[in-house]
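# Notes for the structure review
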Amino acid sequence: MTVWCETHKRAKRAPSQQTFSVMDVQCVLEGCQSEVLRGLCGSIPEAHCFTVVFRGPRRGLDLACSSEAEARHWIRGLRRLQERAQTMSQRDKLEHWIYGYLRRADADKDNTMSFKEVKSLLRMINIEVTELYARQLFKQCDRSGNDRLENSEIEEFCRRLTRRPELEALFCRCSGEDCVLSDEELLEFLREQGEEATLSQAREIIQEYELNDTAKQQRLMMLDGFLMYLLSKEGDVFNPAHATVYQDMSQPLSHYFISSSHNTYLLQDQLGGPSSTEAYLRALSRGCRCVELDCWEGPNGEPIVYHGHTLTSRILFREVIEVVRDYAFKASPYPLILSLENHCGREQQVVMARHLRSILGETLLTKSPGSKGTRSLPSPEELKGRILIKGKKLSGSDSSSSSSDSSSSSSEEEEGSGEGGGTRTKNKNKKKDSVKVSPVPVNGSKPRCSSSLAPELSDLVVLCRSVRFHGFDHASQQPANEMSSFSEGKARRLIRDSGNSFVRHNALQLSRIYPSGLRAHSSNYSPQEMWSAGCQIVALNFQTPGEAMALNQGRFLQNGRCGYTLKPAFLRSADSTFDPEHPARGQGYQAKTLTVTVISAQQLPKLNPERPNSIVDPLVRVELHGVPADNARAETPHINNNGFNPRWNHTLVFDVGVPELALVRFVVEDHDTTSSNDFVGQFTLPFTSLRQGYRHIHLLSADGAPISPASLFVHIKVSELSRSQSV
């Protein structure tokens, strides 16, 4: 499902830049909700406008129609296409994919295929074959003998092209000589897969996936039905029971990993990239439950959000809060945390507080639920539908007066440095409990100074009070609503030197980890090392694709993608003996062996659609991410010139000491002998969500979007490993 975007700009764009797939659409916004359309509001009727928001780095597409009816037609049509795309079976996706290429290969648009067009098609779909093989395949399908494939001949060509010999062999092994799978034989296969299935469940599978009505009536499954089953969610490597909220959501907030974003407002790097409310929409749509706002003095008395002392563009604080109001609970009903880094003077702090109250209304948490004592935070279930403010809070019982114990800036939380790191300056000679805020002048206005936090803003901080870290002993005596932020470097040192103490601390209080300020291009650190110590709010640059964001997406794939994942029991106890640096000595050590046989891949994408003769040479790497002792990776050999249906049958073996913390990542790359390999696709999931047996893995792009219909076919086996074998 591809949409063509015609432009009147003089700069010539590649065809791939003038189209977009419905699969890549995050959502469609009605009216003037983007920065561009808001700037045009008044000159164009709002009802004529809409914005298409994409997954990944592609900027939103702002559109204005000639009438309100035309805009409604487009919005309704795009949303229906989205719904259709989301409900398509893997077979439907494959047929849509192959017929799309058939139309492109039909150069003369006569709805037939010459041999030249067939060769062009094969290159388009990422497979290089010999002239002899291509000619044989063409002749086998050209039953009319007129050197052109028509109608049923094209269907036969596609059927031969998409054959799965490895699945045919598996089906024959399970079904025996008659090549028909009975309900009892299917049940035996399901049990070999590690599923606790019954005969009635086997019959239900036949009724749902078998295509032949006569076979259905006789409770039999043919090869096509077997393929449909293995390509469905029931044949997926990810446990479908984990696709909904299945974990206990009634435990304290500190007992959960929380999907968290750093510098959420940025679409690119933190030195000169654009800031946009669209970035908040994207993060919230991906299940993010903690977003960051860097707040600075703005013109006309209105606070702004941007990366201070840099060339990043600026957006209004008010507009960010409006997006939060509209999208906070679209992807998840569980609490959203707004992490405020406040650099405003008291007057604009009051404006911030007023916007938070008036825009967010009753969703804004202004007092603690009060069902638990000060040593325990409320649960996600108790806080459903509520927005929490993380920031500084005035000390003492009288919050209406200025207090030297609390400054307005959140940037002294860890070692006196800003949460964002290196782009902000330290002041080692300042008084212990006060700070002067010197915002950058805006539009010629004079810098303002403040030495205190406005009570109106302080009052909104209830459960996430930012405090400076003074050591684990000191923190253990403080209430549960106090939390500290740590740079990635500081967190690593604490894990290395006091791993078990950090684990115990994180059982009671929240910790936020943020990237080093030296990451000028908004790169990311590995979140796994922080999760292994029980850190909950591990903030990443959501706008930067790569391994770290793949791990984040994999971690929060489970539990209905709600942005909250219950930590293992050994990370939830204040008396835990677990240490991520020495996992075999304490709780949580349950050694297992993971055996992955990479069998084949299907319909891998071309890396450069503008070069039809460019064919990938794929290899598959399997990575294990967990405690340091568990980190490992191994890969298959590469296969030359076949991204359409390469086969490996290559087995990789891993030992896993702490499976409850481990993530398994499957990566496909294009082998290159002269430079580093190119990324093709990946999929990451928790070890505990792996399903054993023969499974398909549906690949994602670097941005986390589906690459339909690209997949891997693997066999997974998990076995126990005795402590004596593993130590």
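Scope of this entry: the structure provided in the associated data block. (Residues numbered from 1 in each chain as written. Predicted model: local features only at pLDDT ≥ 70, side-chain atom pairs only at ≥ 80, totals over all residues. Heavy atoms only, no water.)

Under the criterion given, the structure shown has 34 salt bridges. A salt bridge links Arg38 to Glu319, with the nearest nitrogen and oxygen atoms 3.2 Å apart. Of the two residues, Arg38 sits in helix α1 (residues 35-40) while Glu319 sits in helix α13 (residues 317-327), which places them 281 residues apart along the sequence. Given the relative accessible area of 23%, Arg38 is considered partly exposed. (Salt bridge = Lys/Arg side-chain N within 4 Å of Asp/Glu carboxyl O. Helix = DSSP H or I, 4+ residues; strand = E, 2+ residues; numbered from the N terminus. Buried < 20%, exposed > 50% of the residue type's maximum accessible area, 1.4 Å probe, protein only.)

Let us now look at the nonpolar core. Membership of the largest hydrophobic core comes to 71 residues, with the highest contact counts inside it found for Tyr280, Leu293, Phe317, Leu338, Leu340, Leu356 and Phe502. Examining the composition of this core, we find that six residues originate from one element, α13, more than from any other. Filtering out sequence-adjacent residues up to four positions away, Leu356 remains in contact with Phe317, Ile321, Leu338, Leu340, Gly361, Leu364, Ile389, Leu457 and Leu460. (Core = buried A, V, L, I, M, F, W, Y, C linked by side-chain atoms within 4.5 Å. Contact = heavy atoms within 4.5 Å.)

Let us look at the pairing of strand β25 (residues 663-670). With eight of eight residues buried, β25 is to be regarded as a mostly interior element. Judged by which residues are buried, β25 turns out to be covered on both faces: Leu663, Arg665, Val667 and Glu669 on one side and Val664, Phe666, Val668 and Asp670 on the other are all buried. With eight bridges joining them, strand β22 (residues 618-625) and β25 adopt antiparallel strand pairing. Bridge pairing links His625 to Leu663 in β25. (Pairing = 2+ DSSP bridges.)

Our focus in this paragraph is helix α7 (residues 165-175). Because each turn of an α-helix spans 3.6 residues, side chains separated by three or four positions end up pointing in the same direction. Buried residues of α7: Glu166, Leu167, Leu170, Phe171, Cys174 and Ser175, and no others. Seen end-on, α7 carries its buried residues on one side only, within an arc spanning 155°. Looking at the residues trailing α7, positive phi occurs at Gly176, about 85°. (Arc of directions from axis to C-beta.)

Residue position: Arg143 is located in the loop between α5 (131-141) and β7 (148-150). Among the residues examined, Arg143 registers a relative accessible area of 56% and is labelled exposed. The spatial distance from the C-alpha of Arg143 to the C-alpha of Glu153 is 7.2 Å, given a sequence separation of 10 residues. Apart from residues no more than four positions distant in its own chain, Arg143 is found in contact with Ser152, Glu153 and Glu156. A distance of 3.5 Å separates the side chain of Arg143 from the side chain of Ser152, its partner in a polar contact. (Polar contact = N/O pair within 3.5 Å; in protein donor to acceptor, adjacent residues only side chain to side chain.)

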